[in-house]
Amino acid sequence: MTVRRLIMVVGAVLLLAGVIGLLLPVSVPDGNGGSIGCGNAIASDLQSARSANDKTGANIPIVGQLLPHTDYVSECQSSLSSRRSWSIPLTVLGVLIVGGAVLLELLARRPQGAATGGGPSINAP
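Residues numbered from 1 in each chain as written. Predicted model: local features only at pLDDT ≥ 70, side-chain atom pairs only at ≥ 80, totals over all residues. Heavy atoms only, no water.

## Points about helix α2 (residues 47–56)
And then number 1: All buried positions along α2 are accounted for by Ala-49, Ala-52 and Asn-53. In a view along the axis of α2, the buried residues occupy a sector of 105 degrees, so they form one face of it. Turned more than 90 degrees away from the buried face of α2, the exposed residues are Asp-54 and Lys-55. (Buried < 20%, exposed > 50% of the residue type's maximum accessible area, 1.4 Å probe, protein only. Helix = DSSP H or I, 4+ residues; strand = E, 2+ residues; numbered from the N terminus. Arc of directions from axis to C-beta.)

## Let's talk about the state of the cysteines
And then number 1: In total, this model carries 1 disulfide according to the counting rule given.
And then number 2: The disulfide partner of Cys-38 is Cys-76, and the S-S distance across this bridge is 1.9 Å. Of note, the bridge from Cys-38 to Cys-76 carries an S-S torsion of about -60 degrees and is left-handed in sense. Taken together, the residues span a long stretch of sequence, with Cys-38 in strand β2 (residues 35–40) and Cys-76 in helix α3 (residues 72–109) at a distance of 38 residues. (Disulfide = S-S within 2.5 Å.)

This is the structure in structure tokens:
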């Protein structure tokens with residue numbers, strides 16, 4: 001296996017890992033052994049987090065914070081941001097590596113005459 005193909009395989013693995021990271025669902029624990037879905041890194045869905053906040057009273061202002069509550073919308077946004085912070089750069093890096101390797105492979109397979117335009121030479125007899 002040539003170095004170019006090895007780089008292409010590594011780039012494809014990075015691209016695949018980034019896309020999977022973008023598409024896998026993100027969730028946060030609800031404190032009762034369950035989880036609350038937040039969507040995925042591409043499209044967030046905070047509706048279930050909002051309804052969980054309504055059930056626990058997280059939207060009710062409490063003087064002096066005597067009653068602890070969890071803001072599930074904030075936790076979902078934080079988890080989505082964390083997922084995006086590594087999956088988007090990984091995907092972009094994979095695309096750049098695979099694209100560069102494919103471009104180099106195509107240039108290497110290109111006929112020699114095509115590199116200079118393939119036309120007749122001016123100095124030809």
